[in-house]
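Observations on the three-dimensional arrangement
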Amino acid sequence: MVKNLSQVSRNEINQFLNSFDNILFDCDGVILLGEKIIPGVKEAIEYLQAKDKGMKLITNNSFRTESDWDSVFENVDLDFRSEDVVFPTKAVVTYLQQLKFDKKVFVVGPPRMRKQFEESGLDVYKYKPCEQLRELHDIKDHALDDPEIGAVVVDLDFNLTYAKLVKAGIVLKRPDVHFILCASDKTVPLGDNFKTIGSGFIGETLEMISGRRPIVLGKPSSLYNNIVQDKFNLNPERTLFVGDSLITDMLFATRCGYQKLLVLSGTTSYQDMMNCPKDFAPKYYLNSLADLKTSLN
Ligand SMILES: [Mg+2]
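A few points on the structure. Here the structure is a predicted model, which is why all the values come from computation and not from measurement. (Residues numbered from 1 in each chain as written. Predicted model: local features only at pLDDT ≥ 70, side-chain atom pairs only at ≥ 80, totals over all residues. Heavy atoms only, no water.)

Take the coordination of the magnesium ion next. For the magnesium ion, every protein donor is listed as Asp26 (OD), Asp28 (O) and Asp244 (OD), and the spread of their distances is 2.1 to 2.2 Å. Donor residues for the magnesium ion, ordered by position in the chain, follow D-x1-D-x215-D. Given a relative accessible area of 6%, aspartate 26 falls into the buried group. For aspartate 28, a relative accessible area of 26% translates into the label partly exposed. (Donors = N, O, S within 2.8 Å, 3.2 Å for Na, K, Ca; no water. Buried < 20%, exposed > 50% of the residue type's maximum accessible area, 1.4 Å probe, protein only.)

On to the nonpolar core. Counting 36 residues, the largest nonpolar core has Leu5, Phe25, Ile31, Ile45, Val242 and Leu289 as its most contacted members. Listed by contribution, the elements that provide at least two residues to this core are helix H1 (10-17), strand E2 (22-25), helix H2 (41-50), strand E5 (54-58), helix H3 (66-75), strand E14 (239-243), strand E15 (259-263) and strand E16 (284-286). Considering each element in turn, this core owes the most residues, 5 residues, to H2. Among all residues touching valine 242, those that are not within four sequence positions of it are Ile23, Leu24, Phe25, Asp26, Val30, Leu261, Val263 and Leu289. Val92, Val124, Phe241 and Phe252 belong to the second-largest nonpolar core, a separate cluster that totals 30 residues. (Core = buried A, V, L, I, M, F, W, Y, C linked by side-chain atoms within 4.5 Å. Helix = DSSP H or I, 4+ residues; strand = E, 2+ residues; numbered from the N terminus. Contact = heavy atoms within 4.5 Å.)

For the rest of this paragraph, the subject is the environment of arginine 213. Positionally, arginine 213 belongs in the loop between helix H8 (199-210) and strand E13 (215-216). Given the relative accessible area of 68%, arginine 213 is considered exposed. In the structure, arginine 213 is positioned 32 residues away from leucine 181 in sequence and 9.3 Å away in space, judged by C-alpha atoms. Apart from the residues lying within four places of it in its own chain, the contact partners of arginine 213 are Phe179 and Glu207. Here the side chain of arginine 213 touches glutamate 207 through a polar contact of 3.0 Å, side chain to side chain. (Polar contact = N/O pair within 3.5 Å; in protein donor to acceptor, adjacent residues only side chain to side chain.)

Considering the arrangement of structural elements, one finds alanine 163 in helix H7 (residues 162-171). A sequence separation of 47 residues divides alanine 163 from serine 210, and the C-alpha atoms of the two residues are 15 Å apart.

Where strand E9 (residues 149-154) and strand E10 (residues 178-181) come together, 4 bridges link them in parallel fashion. Paired with valine 153 across the strands is isoleucine 180, a residue of E10. On the question of chirality, the crossover connecting E9 to the parallel E10 by way of H7 is right-handed. (Pairing = 2+ DSSP bridges. Right-handed = clockwise from strand over helix to strand, strands pointing away.)

Here we come to the sheet that holds E10. Pairing between the strands of a sheet is mediated by backbone hydrogen bonds and can be parallel or antiparallel. Taken in spatial order, the 5 strands line up as E8-E7-E9-E10-E13 in an open sheet, and their pairing is parallel. Two strands lie at the open edges of the sheet, namely strand E8 (123-124) and E13, each paired on one side alone. Across the face of the sheet, H7 comes into contact with strand E7 (104-108) and E9 while running at roughly 140 degrees to E7. In the packing of H8 onto the sheet, contacts are made with E7, E9 and E10, and the angle to E10 comes to roughly 155 degrees. (Axes fitted to C-alpha atoms, helices over the stretch in contact; angles between N-to-C directions.)

Okay, here's the thing in structure tokens:
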């Protein structure tokens, strides 16, 4: 049975706090909501810093470049830097660099992903949007394969068109083209019971068109954790993962052997948590990370 950490005995909280040396935080819904810090979270982080806990961030958010992350931390006055964050875009860069990849990357993702790839030295394919398809046969001239493309990277692409999707599917017919999916969420909650389509659907569409499976470089993939571990080299048993999503965060933490703390300040409601499958349910939850500090006062 999952327990509210702010309502257990002082002894149990201390035991819990002594059971890990490092903390991996998800970012959106745990520390930030949009560009704003969740009230009380700064104080909780400072408390954990004073306890000598090492802290890093593991997010599925590909909408920021390294310099965007630095600006966000500066704006909310948090003592993190971009090198403390693992995000899918950078994981793709690391992955492709490890493979000594030297072809072009076709980005079916947000403009900031494309920018980060360019800043990291990847050769990004310059996709020319199709002005107009007057009839369906026109797609054959537009959606041509280009042998210079060696990878298709998929995340949430606001400007995705039918023509771009068809082209990505055609490029992926070549088995030597890397097929990489970042965030695999099927839906993205935007508050007020509004959910929009997530990049998981785009990945799944391309999977059906191409007949291939992507590798996933985002939570809950354990391959993503390989990038995390290459960078930070943590002992999973002595590492706590704090997240707001059951599938993305709690399943990821379970697969990777991290301890888990769920917070209800983001996508998961109390009811969702109570219905969580037992095999990746957390032992503890908090309504917000901020409650960690107040419960110790
Ligand atoms: Mg989150």
